[in-house]
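Residue-level structure breakdown
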Amino acid sequence: MGAAVCAGAIAASALGASKPAEGGPPGGGLPPGGVPAALQRLADEAEIEKLTYCYAEATDTIGRGNLEGGRNLYQQCFTQNALVQAYYPGDDPNGPPSLISGPSEWADVAQHEFETAGYVSTQHLNGNVVINVQGNTATMKTYLQATHVLVPNSSVEIAIGWYDDIVVRTPHGWKIAKRTLHLQSFMRVESP
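Residues numbered from 1 in each chain as written. Predicted model: local features only at pLDDT ≥ 70, side-chain atom pairs only at ≥ 80, totals over all residues. Heavy atoms only, no water.

Brief notes about the state of the cysteines
Applicable threshold: Whenever a pair of cysteine sulfur atoms sits within 2.5 Å, that pair is classed as a disulfide. To qualify as a helix, a DSSP run of H or I must reach at least 4 residues; to qualify as a strand, a run of E must reach at least 2; elements of each kind are numbered from the N terminus. The classification of residues rests on relative accessible area computed with a 1.4 Å probe and restricted to protein chains. Under 20% of the type maximum is buried, over 50% is exposed, and intermediate values are partly exposed.
The full count for this structure, using the stated rule, is one disulfide. C54 shares a disulfide with C77; S-S distance 2.1 Å. The chirality of the disulfide connecting C54 with C77 is left-handed, given an S-S dihedral of about -90°. Highlighted residues: C54 in helix α2 (residues 37-63) and C77 in helix α3 (residues 67-77), separated in sequence by 23 residues. The exposure classification of C54 matches that of C77, with both residues buried.

Focus: the pattern of salt bridges
Put simply, the rule reads: A side-chain nitrogen of Lys or Arg and a carboxyl oxygen of Asp or Glu constitute a salt bridge if their distance falls within 4 Å.
Applying the stated criterion to the full structure yields seven salt bridges. When the shortest N-O distance is used, the salt bridge between R169 and D44 registers 3.1 Å. Of this pair, R169 sits in strand β5 (residues 155-170) while D44 is found in helix α2, placing the two residues 125 residues apart along the sequence. The class of R169 is partly exposed, set by a relative accessible area of 34%.

Some thoughts on unusual backbone geometry
One non-glycine residue with positive phi stands out, namely N128, at about 50°. Within the secondary structure layout, N128 lies in strand β3 (residues 121-134). Of note in the backbone geometry, N153 takes a positive phi value of approximately 70° without being a glycine. With respect to the helices and strands, the residue N153 is situated in the loop between β4 (137-151) and β5.

Concerning α3
Formally: We call two residues in contact when some of their heavy atoms are within 4.5 Å.
Regarding α3, the residues found buried are L67, G69, G70, R71, Y74 and C77. Check the buried side of α3 and you find it contacts α2, β1 (78-87), α4 (103-117) and β6 (173-190).

Topic: a nonpolar patch on the surface
Here is the rule we go by: Only residues whose relative accessible area exceeds 30% and that form no salt bridge are eligible for patches; like-charged ones are grouped when within 9 Å, while nonpolar side chains (Val, Leu, Ile, Met, Phe, Trp, Tyr) are grouped when within 5 Å. For every accessible area listed, the method is Shrake-Rupley and the probe measures 1.4 Å; residues are considered covered only by the protein chains on display.
Taken together, the side chains of I160, M187 and V189 present a nonpolar region at the surface, about 210 Å² in accessible area. By secondary structure assignment, the location of M187 is in strand β6.

What to know about the pairing of β3
The line we're drawing: DSSP calls a pair of strands paired once it identifies at least 2 bridges connecting them.
Two elements, β3 and β4, share twelve bridges in a ladder whose sense is antiparallel. Bridge assignment links V130 to a residue of β4, and that residue is K141. Here β3 folds back onto β4 in antiparallel fashion, the turn holding two residues, of which G135 has a positive phi close to 70°.

As for the nonpolar core
Applicable threshold: Grouping buried Ala, Val, Leu, Ile, Met, Phe, Trp, Tyr and Cys residues that are joined through side-chain atoms within 4.5 Å yields what is termed a nonpolar core.
By size, the foremost hydrophobic cluster in this structure holds 33 residues, and its most contacted members are I48, Y55, Y74, F78, W106, V167 and W174. Broken down by secondary-structure element, the contributors of at least two residues to this core are α2, α3, β1, α4, β3, β4, β5 and β6. Per-element tally for this core: the top contributor is α2, with six residues. Residue contacts for Y74: discarding those within four places in its chain leaves Y55, A58, T59, I62, P103, W106, A107 and A110.

Quick word on the packing of α3 against α4
Our working definition: Orientation is described by axes fitted as lines to C-alpha atoms, over the contacting stretch for helices, and by angles from 0 to 180 degrees between their N-to-C directions. A clockwise turn of the near helix away from the far one marks a right-handed crossing, whereas an anticlockwise turn of less than a right angle marks a left-handed crossing. Residues were grouped as follows: Ala, Val, Leu, Ile, Met, Phe, Trp, Tyr, Cys and Pro as nonpolar; Asp, Glu, Lys and Arg as charged; and all remaining residues, including Gly, as polar.
With their axes 9 Å apart at the nearest point, α3 and α4 run at an angle of 145° to one another. Every pair of crossing elements has a handedness; the one defined by α3 and α4 is right-handed. Within the contact between the two elements, α3 uses L67, R71 and Y74 and α4 uses P103, S104, W106, A107, D108, A110 and Q111. The class makeup of the residues in the contact of α3 with α4 is six nonpolar, two polar and two charged.

See below:
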């Protein structure tokens, strides 16, 4: 949907280019950099939102047993020196996180957690993504529901929570510099 919004904004921008925007630069010209601010904001938000889906795909790649594939995808989502941390249900939100690492090590943490628990696959769903861009940095909050399959058709564990992210613009596009996972609930569900 983000791409559709951007395409619509581009088309609207092109149609309105012949007359100056109200409150825009004198003579209807473009601001420095050549891209209207509203259009740049939409493009930035769309690129940032993709990062949370990139993370989910990387994690589920590991959940399917492909550690290096997931690690490679994490490199696309994060800065090289990013911080990834997790608070589990019951953790003091003002205390230290239960887990903390960099993105490459996070792939090993995920694999270890998944293998130890006996998961055969995972599915991380993200929603309610809220992004606030301030120049070359941004914050992103994403709701999470993750299903961890133990026995297909009979047993799963479901995690519910959210991610708080700090995102930065890099020469290679927007990247997550810090991701904090807050798990609210983690429960096992068995079929009757």
